[in-house]
Amino acid sequence: MDPTTQAFVAALLGALVAGSGVMAWHISDRLQHKQPEPPEEPLLPAGVAGVLSVLRSSAVVVGGDDVVLKASAPAYALGLVRGQDVVDSRLAEMVRQVRRDGQIREQEITMTRAGYPSRTVIARVAPLGSRLVLALVEDRTREHRVEEVRRDFVANVSHELKTPVGAIRLLADAVVDASDDPEAVVRFAQRMKKESERLSVLVQQIIELSRLQGDDPLEHPAPVDVDEVVTAAIDTSAIDAQNRRVTVTTSGESGLAVFGSHEQILIAVGNLVANAVNYSPAGSTVVVSSKTLEESVEIAVTDQGIGIPAGEIDRIFERFYRVDPARHRSTGGTGLGLSIVKHVAATHGGDVRVWSVEGQGSTFRLRLPRIASELASSGTTSRTTRSTHQEESP
């Protein structure tokens, strides 16, 4: 390599070394004078996520851009949050208002979702830091329904009591006005007796329903002999059956037993038998049968009465509901008997079902959890058909 080429290469290497040194100095200087970036702030204040995870109520934390940053499991179950959005527009508006002025707000909201029953909630929204907002939502649906039932019950009781009391008062006035007519006095007195009996039944059933609601039959359950219950229920309606010329018979299995309250089960079966007798025509038969199912005992009461219209079957267990109010008046019905049966079935862990055809009759099936080992030592046998045949009154 000639001297000229060597000098050029040396100059080029020197320039590269010098340039690299200058560049390294600039990079070092920039790194030394660069401002450190502030650490990223956490989305939620410390401990908030842990608190939300143990809350039983629905809790939602919403960020400054109306995006849900954190929500508890009950909030998703209640349908408050979908993805990162607050579903209910009224709750979302409350969040925005609280973010603007920092004032805590509380409001009752009725939430509706397609395919789900409406729910009543209490929403309380408060600021959580400078930009975050916390919404706590309590589901009050059950409390509202209980309150509605209580109000309806009081109103219905007042109405039902007013009717016989008013009738008795009018009849008493009629007796006074007809004091010189012995036949009229007897006629009005008989009607007063009938109204007073209906009033007595109504008051008794109200007392029974109130007592049943305050008594848990599974708190101190005892074995209940189904045969004894059926026999006692039939005996209770024996006089009415005789007066109406209705025959009451029993069939099915004997020696069956269930756990629960003997008094409550007797009331339930007694109401079913009484209804069957009251709504059966003269000369007809009511059959009370019992049998075992896989895990329950079924007590069925079948009549040949007026039956229930198909559109009314779903409502007959409501308190004071009457398929035919005029018919109930004539039979002394109160509209509480079947609601008592349903309550007894539910508190014993069973249910009550009905089959009915208008004009042909009805079958009510009360199912209660059975005892694995029946009371009868000889096992389940066929019950001897027992008939309460009533002679026709002259």
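Note: the structure precedes this text.
This structure is a prediction, so every number in the text was calculated from the model and none was measured.

Peer 1: What should I look at first to understand helix α7 (residues 226-236) in this one?
Peer 2: Residue pairs three or four apart in sequence face the same way in an α-helix, which turns once every 3.6 residues. Taken together, the buried positions of α7 are occupied by V226, V229, V230, A233 and I234. One face of α7 carries all of its buried residues, which in axial projection span an arc of 125 degrees. Between a side-chain oxygen at the N-terminus of α7 and the backbone nitrogen of D227 the separation is 2.9 Å; the capping residue is D225.

Peer 1: Is there a simple way to think about the packing of aromatic side chains in this case?
Peer 2: For any pair of aromatic rings, geometry is given as the distance between the ring centres together with the angle between the planes. Inspection of the entire model under this criterion finds zero aromatic pairs. Looking at R187, its charged tip hangs above the ring of F188, at a distance of 5.2 Å from the centre.

Peer 1: Explain the pairing of strand β14 (residues 361-369) here, please?
Peer 2: For a regular strand, the rule is simple: side chains alternate between the two faces of the sheet. Across eight bridges, the pairing between strand β12 (residues 296-303) and β14 is antiparallel. The residue bridging T302 from the neighbouring strand is T363, located in β14. Here strand β13 (residues 351-357) folds back onto β14 in antiparallel fashion, the turn holding three residues, of which G359 has a positive phi close to 90 degrees.

Peer 1: Looking at this model, I keep getting lost on the nonpolar core. Mind explaining?
Peer 2: Burial of nonpolar side chains together is a common tendency in soluble globular proteins. Membership of the largest hydrophobic core comes to 37 residues, with the highest contact counts inside it found for V269, V288 and L366. Of all the secondary-structure elements, those providing two or more residues to this core are α7, α9 (262-278), β11 (285-292), β12, α11 (337-347) and β14. Broken down by element, the residue count for this core peaks at eight residues, all from α9. In contact with L366, other than residues within four places in its own chain, are A268, V269, L272, V297, E298, I299, V341, A345, D351 and V352. In this structure, V68, V86, A92 and M111 belong to the second largest nonpolar core, which totals 22 residues.

How each quantity is defined
- Residues numbered from 1 in each chain as written.
- Predicted model: local features only at pLDDT ≥ 70, side-chain atom pairs only at ≥ 80, totals over all residues.
- Heavy atoms only, no water.
- Buried < 20%, exposed > 50% of the residue type's maximum accessible area, 1.4 Å probe, protein only.
- Helix = DSSP H or I, 4+ residues; strand = E, 2+ residues; numbered from the N terminus.
- Arc of directions from axis to C-beta.
- Polar contact = N/O pair within 3.5 Å; in protein donor to acceptor, adjacent residues only side chain to side chain.
- Phe/Tyr/Trp six-rings, centres within 6.5 Å; stacked < 30°, edge-to-face > 60°.
- Lys NZ or Arg CZ within 6 Å of the ring centre and 35° of its normal.
- Pairing = 2+ DSSP bridges.
- Core = buried A, V, L, I, M, F, W, Y, C linked by side-chain atoms within 4.5 Å.
- Contact = heavy atoms within 4.5 Å.

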